[in-house]
Amino acid sequence: MVNLNTEQTLASTAPLGHNLIIASAGTGKTATIVARIAFLLEQGIPPTEILLLTFTNKAAQEMLIRLNRLFQEDIGIEAGTFHSLSYRYLKTHKKITLKQPRELKKLFEGIYEKYTFTHSGIKPYGHSYLYELHSYYQNIFQDLDFGEWLAQTKEEQNIHTKTYMQILTEFQALKQTYGYADFNDLLILYRQEILHKRQTQNIYQEVLVDEYQDTNPLQDSILKALNPPSLFCVGDYDQSIYAFNGADISIIASFKDRFAYAKVFNLSKNYRSNAPILELANRVIEHNERIYPKKLEVVKHSKNASEVKLLEYSELFEQYKGIAEKISQSHTPHSEIAVIFRNNVTADGIEACLREIGIPSRRKGGVGFFESKEITLMLDLLSLFHNPRDMIAFIHILSYAKGVGSSIAQDIYTQLIAFGHGDLYQGLFKPDHSHKITQEQISLFSELDRNDKISTFQAEGIHQHFLHHPILTHPKLHSHARLFLNELFCLLRERDLSTIQLIQKCENSKLFQDIISIFARERSTKNGHFDENRYIESLDKIATKIKILKDLSRNYNHLGSFLNAMILGGNEMSEGSGVNLLSVHSSKGLEYEEVFVIDLMEGRFPNRKLMAKSNTNIEEERRLFYVAVTRAKEILYLSYAKSDRVKNLQYQASIFLKEAGFAVEVEE
């Protein structure tokens, strides 16, 4: 407590009840939360009755490390994201298999393809958009049926609503059958469990919530279900930037209205940025409505503080080259420099210009390690070893076979399960040949003479134990698909291995090598021209990623624990080193000595097109600008270009530059 300022001390020692702490950028919210937990423990509250909810698992770990260092022991409080909390609880109370949205979307596609939309006048939503729309709905509405919500908000789609609901009903039933859960399902299932359990006991005496401004209605419903006697919420309404994902700023805005005796504390002393940076941030953000009174105060007073500099360029790519050149002349370590942008496409230009002059960079906010095709393929293969009934993993793997789509892959999986009386391995390795294939079970199988069909496989390299498998009579399977199934059969035969041995086995398999060869060839072909050197380089990069996965697996004794950790924590892992290239959203919570906020042109930042698409307003874009500039500690550059030569576009300077006090021409 001796290291806290007066505001932090008052907040961290507030009486139990409903407390809201408005923690502006760089005001020491982490120190305040850690001090609050220490205060609760000193008041005699058991660690098991304290819950800390954070926006990322990494943030939770950092706070726990500070807390354990303070007490010189492992305190043992429950901490993590809403999703990790839900998962830890559910895995001991329910049989679930956690799946990434991209995996479930593949399953959803297979169901969607079976339905016919009879009304041709209005084009129905595609499977991907319908899936995303339903996911968004789950995050924002708790008391309204999806069909009713769709009827109210998308009236022109009413003629398709019945079909949409049939697809979603079948999808939910299939997920329940196989125990699949996505991130939304975790929260919904956990809420159901807690509402039932709360009838007999209160679980936590106090729940602490970090980044409260980014809470969405689904997450808020978890807090309502827990209903702790004491709530300690820390956030900053000026940093609410996740409206596109359902975050609702009204949750933090209505705190005092929802809790009769709520107290609001304000942390206003900024320890991160110098005076010019904070003054600029204040000038711009004050154009937004002030929900709670506040203003950042400078703590770092320096006579040599650098003024914020505006960089003007005549053309877009010249901007990227100019910034790369400035970075090359900077004395700031590359790891302490960040280039922050509104749109991910911007990163390609700046990364190319940095690479051209030999400056390394690392990207965050684009395609990450765990989203790369080779890693998702490896995790799918491992999932089949862990859970033979994993339909999604099977469909995703089989979709790499030529001519096999989601619907055919799903039918093949269903038939293998039937041949094995509910067991995929039994159906694959010891199928029941007496099982009759019916039209209801699999429509794509024809009544062929199996013996005549099987005799044609002899020259195709089919394993002798797979040669007479009835699944090979599928009329849609040409030679490549049959060989693909054969390779999967060979790979899955040996299961009793450690996680790292299974990764090695998968990596060395012909199936995996054939698929990554396709990935590498795609990445080394441009405009129809194949580059052999880039092909070899791509294969090397894939091998490096698999090596990283092996290294990660050494920390896990059980394959299931490893797979779940990769799904829950994968998005927080990043690669590379050098200058940090970040979208505004991925820069949140970070800080750097030197920051470039680029592409500050109308249409790009603020991004008017995304505003219209996500139904947000200029205030959300202004909060994004505020978050971007407050990442800087000592040096801040703002830049824009007046044209784009490639697209033949002319740009106006961003309105935020005018609000910041720069003499630029903007369209009112």
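Residues numbered from 1 in each chain as written. Predicted model: local features only at pLDDT ≥ 70, side-chain atom pairs only at ≥ 80, totals over all residues. Heavy atoms only, no water.

## Let's talk about the overall build of the chain
- In terms of regular secondary structure, the chain is built from 29 helices and 20 strands.
- For the C-alpha atoms alone, the extent of the chain along its principal axes is close to 90 × 65 × 60 Å.
- Counting over 668 residues, the chain shows a buried share of 53%.
- In the chain, of all internal contacts separated by at least 6 residues, the share reaching a separation of at least 24 is 76%.
- The distance from the centre of the 76 positive side-chain charges to the centre of the 81 negative ones in the chain is 1 Å. (Helix = DSSP H or I, 4+ residues; strand = E, 2+ residues; numbered from the N terminus. Buried < 20%, exposed > 50% of the residue type's maximum accessible area, 1.4 Å probe, protein only. Contact = heavy atoms within 4.5 Å. Lys, Arg positive; Asp, Glu negative; His and termini not counted. Charge placed at Lys NZ, Arg CZ, Asp CG, Glu CD.)

## Quick notes on the side chain of K294
- When you line up the elements, K294 lands in the loop between α13 (275-285) and β10 (297-300).
- There is a polar contact of 3.0 Å between the side chain of K294 and the side chain of D236.
- Reaching out from K294, the side chain makes a polar contact with the side chain of D238 at a distance of 3.0 Å.
- Those residues in contact with K294 that sit more than four places away from it in its chain are I22, S24, D236, Y237, D238, N266 and Y626. (Polar contact = N/O pair within 3.5 Å; in protein donor to acceptor, adjacent residues only side chain to side chain.)

## Some words on the sheet that holds strand β12 (residues 337-341)
- Across the sheet, which stays open at both edges, the six strands sit in the order β11-β18-β17-β12-β16-β13 with parallel pairing between neighbours. Taken across any chain shown, the strands that pair with only one partner, and hence form the sheet edges, are β11 (309-313) and β13 (361-364). Within this sheet the neighbouring strands show an average axis-to-axis angle of 20°, counted without direction.
- Across four bridges, β12 lies against strand β16 (residues 579-583) in parallel orientation. For V339, the partnering residue across the bridge sits in β16 and is L581.
- Here helix α14 (residues 316-329) sits on the sheet in contact with β11, β12, β16, β17 (592-597) and β18 (632-641), set at roughly 155° to β18. (Pairing = 2+ DSSP bridges. Axes fitted to C-alpha atoms, helices over the stretch in contact; angles between N-to-C directions.)

## Concerning the environment of N274
- Take N274: it is sitting in strand β9 (residues 269-274).
- By relative accessible area, which is 1% here, N274 ends up buried.
- For N274 and E507, which are 233 residues apart along the polypeptide, the C-alpha to C-alpha distance reads 51 Å.
- Here N274 is in contact with V298, K300, A305, S306, K633 and E634, once residues within four sequence places are set aside.

## A few points about helix α3 (residues 57-71)
- Helix length check: α3, at 15 residues, gives a terminal C-alpha distance of 21 Å against a target of 21 Å (1.5 Å per residue), a fit within 8%.
- Listed as buried for α3 are A59, A60, M63, L64 and L67. The arc that holds every buried residue of α3, seen down its axis, measures 130°, which confines them to one face.
- In this fold, the buried residues of α3 make contact with α2 (29-42), β2 (50-53) and β3 (78-80).
- Trailing α3 by a residue or two, Q72 shows a phi angle of about 60°, which is positive. (Expected span 1.5 Å × (residues − 1). Arc of directions from axis to C-beta.)

## A few points about helix α16 (residues 373-386)
- Here α16 spans 20 Å end to end across 14 residues, near enough to the 20 Å set by a 1.5 Å rise per residue.
- The buried count for α16 comes to twelve of 14 residues, which makes it a mostly enclosed element.
- All of the buried residues in α16 are E374, I375, T376, L377, M378, L379, D380, L381, L382, S383, L384 and F385.

## Regarding the sheet that holds β2
- Spatial ordering of the open sheet is given by β3-β2-β6-β7-β1-β8, a layout of six strands whose pairing is parallel. Strands with a single pairing partner mark the edges of an open sheet, and in this sheet they are β3 and β8 (263-267). With direction set aside, neighbouring strand axes in the sheet form an average angle of 10°.
- As judged from the five bridges shared by strand β1 (residues 18-23) and β8, these two strands associate in the parallel manner.

## Regarding the confidence of the model for the chain
- Residues with a pLDDT of 70 or more make up 92% of the chain, whose mean pLDDT is 85.
- Of the regions scoring below 50 in pLDDT, residues 439-459 engages in 40 contacts with residues more than four places distant in sequence or in other chains.
- Note that residues 570-575 has pLDDT below 50 and, in this model, 15 contacts with residues that lie over four places away or in other chains. (pLDDT = per-residue confidence, 0-100.)

## Things to note about the pairing of β17
- Taken across its six residues, β17 has five buried, putting it largely inside the fold.
- Here β12 runs beside β17; their pairing, made up of four bridges, is parallel. Within β17, the residue paired with V339 across the bridge is F596.
- The sheet contact formed by β17 and β18 spans five bridges and is parallel. By the bridge assignment, V595 is partnered in β18 with L636.

## Considering the nonpolar core
- Counting 77 residues, the largest nonpolar core has L107, L381, L382 and F394 as its most contacted members.
- Among the elements that make up this core, the one with the highest residue count is α16 (eight residues).
- Beyond its immediate chain neighbours, meaning those up to four positions away, L107 contacts F171, L174, Y180, M391, I392, I395 and Q410.
- Among the nonpolar cores identified, the runner-up in size contains 61 residues, and Y313, L581, F625 and F656 belong to it. (Core = buried A, V, L, I, M, F, W, Y, C linked by side-chain atoms within 4.5 Å.)

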